[in-house]
There are 2 protein chains.
Amino acid sequence: MGRWEPDARGRLAKAALALYAERGYEQTTVAEIAKRAGLTERTFFRHYADKREVLFAGSGELEGRFVGAVAGAPTSAPPLDALTLGLDAVAEMFADQREFASRRQAVITANAELRERELIKLASLVAVLTDTLRSRGVAEPAASLSAEAAVAVFKVAFERWIAPDEERPLAQLTREALAELKAVTSGA
Amino acid sequence: MGRWEPDARGRLAKAALALYAERGYEQTTVAEIAKRAGLTERTFFRHYADKREVLFAGSGELEGRFVGAVAGAPTSAPPLDALTLGLDAVAEMFADQREFASRRQAVITANAELRERELIKLASLVAVLTDTLRSRGVAEPAASLSAEAAVAVFKVAFERWIAPDEERPLAQLTREALAELKAVTSGA
DNA sequence: TCGACGATGTCAGTGACTGTCATAGACGGT
DNA sequence: ACCGTCTATGACAGTCACTGACATCGTCGA
């Protein structure tokens, strides 16, 4: 194997993140990304469906781990407890990646199109979590609402985690956000 | 006055919804929408920022009413009660539009790009609701989580409302979804 | 009557994305 | 050693969303 340099996909992802961070998403052309990776524009689109997707290659793994942990929870566990196991699994997956996650998130936050893509990934996560809960016997709309709540907790915790001064681990922040949500919804 | 036919903006929106429903979003070109409205492609882009935005012209009004109701709630009202007033205001705004809302939603649901746009509109709603709560003295992350929860309630209720067999009014469905969320989050 | 204005048309250009065909090394079978 | 197949890539033309610049032409106020 090796008529070409290895890991074309990874080189494209790295080049894209670097260029998006340097000069902005809109000011970067796919041709430039491909050139920096030593490839052509056409090859970029063979690896990634579009210009945004190159930043979201890892979202499938996140979804898989989250769902796996929820599905593996004891049958007796109530929905929010099962989802908590999923949140823990995701936090563990991110634990070593704060630096990368922070840089990537800065690029996404800076551009509306990228934010759209991020939101649909999270919506997809809500959808599969809802399905997972339903197959565990949770009825609607409790399943959807629990899944939405869990993802909201993740969003809030993640945002805090990558903040400059933050030192607490992601797992702790998800637990705190979850406790906060419970307080808000039971208090009113 | 009228050197041109009136309401070019409305004609474009109507033509776009019709064509998206007939042959699908991707199979419709902006030139075709403009032609059906008796205008040119360039004029379409003077009225709408892009091909998707033409379906979301009313989102500003929804945001305004929701926020207005929350901001107008008694100062003493806890966050979720204030948000409930917002949900009621939005339900009232939609009351007469079930038919239109349903057709529009079918188009959006059928296409990933349109779903992305819808999600970012909802995210924007969460953001302004969060700001509104914060200016009412609600701390973070309670403000964000309450806003996320309220919008999740709206999503779930709206989806049920436009379902074929559903007969209950939207306002009732939002109240039921809210009660369900409270049950889920307090039970675990 | 005239000039500013506002909504539209016209046209050329950029860049994302796609379909199609060509190329060249790797690999397995004979 | 040869040959056919497979796979990742390149080359190229084409469509369409979207933008900037300039022209046109009723309308309205001075």
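Right above here is the structure, for reference.
Report on the accompanying structure. All values reported here derive from a predicted model rather than from experimental measurement.

## As for the protein's contact with DNA strand D
Contacts to DNA strand D come from 22 residues, most closely from A:T43, A:R46, B:R3, B:R42 and B:K51. If you look at DNA strand D and keep only atoms within 4 Å of the protein, 57% of those are sugar or phosphate atoms. The backbone of B:T28 places a nitrogen or oxygen atom 3.5 Å from a phosphate oxygen of DNA strand D. Taking B:V30, its main chain carries an N or O atom lying 3.4 Å from a phosphate oxygen of DNA strand D. For the surface near DNA strand D, the secondary structure elements donating two or more residues are helix 3 (41-47) of chain A together with helix 3 (41-47) of chain B. By residue class, the composition of the surface near DNA strand D is seven nonpolar, six polar and nine charged.

## Focus: the environment of A:R11
Residue and element names in this part refer to chain A. Relative to the helices and strands, R11 is located in helix 1 (residues 8-23). R11 gets classed as partly exposed once you look at its relative accessible area, which sits at 24%. The sequence separation of R11 and L80 amounts to 69 residues, and the corresponding C-alpha distance is 39 Å. Those residues in contact with R11 that sit more than four places away from it in its chain are E5, P6, A37, G38 and L39. Among the polar contacts listed, one links the side chain of R11 to the backbone oxygen of P6, at a separation of 3.2 Å.

## Describing the environment of B:P74
Residue and element names in this part refer to chain B. Note on placement: P74 falls in the loop between helix 4 (59-71) and helix 5 (79-94). The class of P74 is partly exposed, set by a relative accessible area of 48%. Sequence-wise, P74 and R136 are 62 residues apart; in three dimensions their C-alpha atoms are separated by 9.8 Å. The contacts of P74, once residues within four sequence positions are left out, are L85 and R136.

## Remarks on the relation of the copies chain B and chain A
Least-squares fitting of chain B to chain A yields an RMSD of 0.0 Å, with the superposition described by an axial translation of 0.0 Å and a rotation of 180°. Considering both components of the superposition, the chain copies are consistent with a two-fold axis. Here 100% of the interface residues in chain B have copies in chain A that are interface residues too; the copies meet face to matching face.

## Let's talk about the protein's contact with DNA strand C
Looking at DNA strand C, there are 22 residues lining it, with A:R3, A:R42, A:K51, B:T43 and B:R46 nearest. Among atoms of DNA strand C positioned within 4 Å of the protein, sugar and phosphate together represent 60%. A distance of 3.4 Å separates a phosphate oxygen of DNA strand C from a polar backbone atom of A:V30. At a separation of 2.8 Å, a phosphate oxygen of DNA strand C approaches a polar side-chain atom of B:H47. Among the elements of the structure, helix 3 of chain A together with helix 3 of chain B are those that each provide at least two residues to the surface near DNA strand C. Of the residues in the surface near DNA strand C, the class split is seven nonpolar, six polar and nine charged.

## Points about the interface of chain B and chain A
When the parts come together, some accessible area is lost, and that loss is often what is quoted as the size of the interface. The partner chain A presents 30 residues to the 30 residues of chain B that form the contact. Summed over both sides, the interface of chain B with chain A buries roughly 2,800 Å², with 71% coming from carbon and sulfur. Counting across the chain B and chain A interface gives six salt bridges. In this structure, the salt-bridge partner of A:E148 is B:K155, at a minimum N-O distance of 3.1 Å. The tally of links from chain B across to chain A stands at seven residue pairs in polar contact (both at pLDDT 80 or more). With ten residues, helix 8 (residues 142-161) of chain B is the single largest residue contributor to the side of chain B that touches chain A. Broken down by class, the residue content of the side of chain B that touches chain A amounts to 15 nonpolar, four polar and eleven charged.

## Notes on the packing of helix 8 (residues 142-161) of chain A against helix 8 of chain B
With their axes 10 Å apart at the nearest point, helix 8 of chain A and helix 8 of chain B run at an angle of 150° to one another. It follows from the interaxial angle that helix 8 of chain A and helix 8 of chain B lie roughly antiparallel. Between helix 8 of chain A and helix 8 of chain B the crossing geometry is right-handed. The residues of helix 8 of chain B that touch helix 8 of chain A, namely those facing A:S144, A:L145, A:E148, A:A152, A:V153, A:K155 and A:V156, are B:S144, B:L145, B:E148, B:A152, B:V153, B:K155 and B:V156. Residue classes in the contact of helix 8 of chain A with helix 8 of chain B are distributed as eight nonpolar, two polar and four charged.

## A short note on the packing of aromatic side chains
All names here are of chain A. Enumeration according to the criterion identifies 16 aromatic pairs over all chains in this entry. With centroids separated by 5.3 Å and ring planes inclined at 85°, the aromatic side chains of F44 and F45 adopt a geometry described as edge-to-face. Judged by relative accessible area, which is 0%, F44 ranks as buried. Geometrically, the ring pair formed by F154 and F158 is tilted, given 5.7 Å between the ring centres and 35° between the ring planes. Pair noted here: F154 and F158 are both in helix 8, with a separation of four residues, about one helical turn. If you follow K51 out to its NZ or CZ, it ends over the ring of Y25, 4.3 Å from the centre.

Cut-offs and rules
- Residues numbered from 1 in each chain as written.
- Chains lettered and ligands numbered in written order.
- Predicted model: local features only at pLDDT ≥ 70, side-chain atom pairs only at ≥ 80, totals over all residues.
- Heavy atoms only, no water.
- Near = heavy atom within 4 Å.
- Polar contact = N/O pair within 3.5 Å; in protein donor to acceptor, adjacent residues only side chain to side chain.
- Helix = DSSP H or I, 4+ residues; strand = E, 2+ residues; numbered from the N terminus.
- Nonpolar A, V, L, I, M, F, W, Y, C, P; charged D, E, K, R; others polar.
- Buried < 20%, exposed > 50% of the residue type's maximum accessible area, 1.4 Å probe, protein only.
- Contact = heavy atoms within 4.5 Å.
- Least-squares fit on C-alpha atoms with pLDDT ≥ 70 in both.
- Buried area = accessible area lost by both parts, 1.4 Å probe.
- Salt bridge = Lys/Arg side-chain N within 4 Å of Asp/Glu carboxyl O.
- Axes fitted to C-alpha atoms, helices over the stretch in contact; angles between N-to-C directions.
- Parallel < 35°, antiparallel > 145°, perpendicular 65-115°, else oblique.
- Left-handed = near helix turned anticlockwise from the far one by under 90°.
- Phe/Tyr/Trp six-rings, centres within 6.5 Å; stacked < 30°, edge-to-face > 60°.
- Lys NZ or Arg CZ within 6 Å of the ring centre and 35° of its normal.

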